[in-house]
Amino acid sequence: MNQILIVEDESVIRRAVKRLLERNDYVVVEAGSVEEARQLPLKNFDLIISDVRLPGAPGTEIIDIATPTPVLIMTSYASIRSAVDAMKLGAIDYIAKPFDHDELLMVVERVIKQDRQLRQQEVLKSEVEKSYPVRGMIGECSAMVDVFRRIDKVAPTDATVLILGESGTGKELVARALHERSHRSQSPFVVFNCAALPEHQVEAELFGQQDERQNGRSGLLAKAQGGTLFMDQVGELSMAAQARLLRVLQGDEYAPRQEGDQNSSDIRIIAATHQDVRKLVQQQSFRSDLYFRLRVVEMALPPLRERGNDIKALAKYLLNKSSKQLNRPALSMSRSALEAIRRYHWPGNVRELANTIERAVILCEGESITPELLAIDHHITSGQHKLENINDNLSLEEYFRHFVLDNQDHMTETELAKKLGISRKALWERRQRFGIPREKKGRKN
Ligand SMILES: Nc1ncnc2c1ncn2[C@@H]1O[C@H](COP(=O)(O)OP(=O)(O)OP(=O)(O)O)[C@@H](O)[C@H]1O
Ligand SMILES: [Mg+2]
């Protein structure tokens, strides 16, 4: 049997809800405030139903305290904004007062089921995590599954791969995975960072300085023999450096090559850039022949903000990782922090998320990460959509109109206003605005 905690200071409502739920086979416990609720083993409940306006702390405070128990927020029609806020803080849903019995039962049944499914998915997820296709690379959204599939397919070949994606999306991780899953895995993986490399140093970097060669030391190509050369930030190369690189890749008519020099014949090339190379090609700041030479296979990593639930999985994974690295006892992520993470747009992608979480772990003095510790700006995010959705779904005007028309014959204006949780003056104003003035012949107040 499901156990539900009701946090509500008005005993009449609390009792009524309790009776209703008990009649429907729920086990119900009551509390009159957040303080009272705190004394109870909150994690043992299947659901907490809480009013927002309570004596002392607002009901929304329970959301974090009770994690992972889901919290359904009750709010009056008048304070629908607080429902929006509650959802942002991680409430599983809200219900506007006054509600009828069937409505409440339906919502309760639905959110308990929804929460159970979510938890099952999480268990599954943590099992799956151990077997993610690329070790340490979290991703289950379709774009990432696609990436993993491509890695599997392309890794064993010697095909040149061009990895695209915004900064911090995991391009280097993919490059290393390609290497580790190839027959070259026992040979070196050498990184050639093309950023800010003066063109005249491309040759020196790849082939070594003249005197080094004579001393038997040489450049990156020699180091990468039999292995993989990862050309990172390839979009930053100057035109002249690109020309030299292309000659190297084509492996012929390369002047400085002398007998005994290693050539690039047994090196697998993987390149990456966060730049929009196609645009660079159009603008003629990237050679199209080099582009075609590199993009035998192209892989695009999606920005973090487009990875759906991966964001939450990543947040939890990175929190675990940081806690371990910093020798902190296992910290948890509050629901509101997860919500903030989900809504932020992450311009720096996974790297930014990892840094943000690491900083929060360092600053955290309690047991769970709060949104304040994350200090991410969520104004520029999709939070707005949520607000719009809530308003759309609810259609406040519809709701108001129905409620008033259905009840005005057996309720006074004072009763109506009270039920709606608004003042009589506000009720009067809305009646005017929505064109449903009180009819004179109606019951006297
Ligand atoms: N899917 C993922 N799962 C777990 N960790 C990830 C994932 N993607 C990236 N990371 C981590 O995020 C950080 C940034 O990744 P990486 O260095 O591969 O990004 P990048 O695309 O090469 O960025 P840049 O364009 O700035 O070079 C690394 O610490 C990496 O381990
Ligand atoms: Mg990188």
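Source: prediction; values computed, not measured.

Visitor: If you had to explain the pattern of salt bridges to someone new, which residues and values would you point to?
Guide: Under the definition given, this model contains 23 salt bridges. In this structure, the salt-bridge partner of E35 is R38, at a minimum N-O distance of 3.4 Å. Pair noted here: E35 and R38 are both in helix α2 (residues 34-38), with a separation of three residues, about one helical turn. Linked by salt bridges that have partners in common, R14, R15, K18, E22 and E30 make up one network.

Visitor: Describe the sheet that holds strand β10 (residues 297-300), with residues and values.
Guide: Pairing within the open sheet is parallel, and its five strands lie in the order β7-β8-β9-β6-β10. Each edge of the open sheet carries a strand with a single partner, namely β7 (189-193) and β10. Sheet twist, expressed as the mean angle between neighbouring strand axes with direction ignored, is 20 degrees. Those strands touched by helix α6 (residues 142-154) are β6 (161-164), β9 (268-273) and β10, and its axis lies near 155 degrees from that of β10. Against the sheet, helix α7 (residues 171-180) touches β6, β7, β8 (228-232), β9 and β10, its axis set at about 155 degrees to β6.

Visitor: Lay out the packing of helix α14 (residues 310-325) against helix α16 (residues 349-363) in plain terms, naming residues and giving numbers.
Guide: At a minimum axis distance of 9 Å, the contact between α14 and α16 shows a crossing angle of 45 degrees. The orientation of α14 relative to α16 falls into the category oblique. α16 is crossed by α14, and the crossing has right-handed handedness. In this structure, α14 contributes I311, L314, A315, L318, L319, S322 and S323 to the contact, and α16 contributes V350, L353, A354, I357, E358 and V361.

Visitor: Could you give an account of unusual backbone geometry, naming the residues involved and the relevant values?
Guide: Residue T67 is joined to P68 through a cis peptide bond whose omega torsion reads 10 degrees. If you trace the backbone, P68 turns up in the loop between α3 (61-66) and β4 (71-76). The peptide bond linking K97 to P98 adopts the cis configuration, its omega dihedral lying at 0 degrees. With respect to the helices and strands, P98 occurs in the loop between β5 (93-97) and α5 (101-130).

Rules used in this analysis
- Residues numbered from 1 in each chain as written.
- Chains lettered and ligands numbered in written order.
- Predicted model: local features only at pLDDT ≥ 70, side-chain atom pairs only at ≥ 80, totals over all residues.
- Heavy atoms only, no water.
- Salt bridge = Lys/Arg side-chain N within 4 Å of Asp/Glu carboxyl O.
- Helix = DSSP H or I, 4+ residues; strand = E, 2+ residues; numbered from the N terminus.
- Pairing = 2+ DSSP bridges.
- Axes fitted to C-alpha atoms, helices over the stretch in contact; angles between N-to-C directions.
- Contact = heavy atoms within 4.5 Å.
- Parallel < 35°, antiparallel > 145°, perpendicular 65-115°, else oblique.
- Left-handed = near helix turned anticlockwise from the far one by under 90°.

Worth remembering: the numbers are spatial, not functional.
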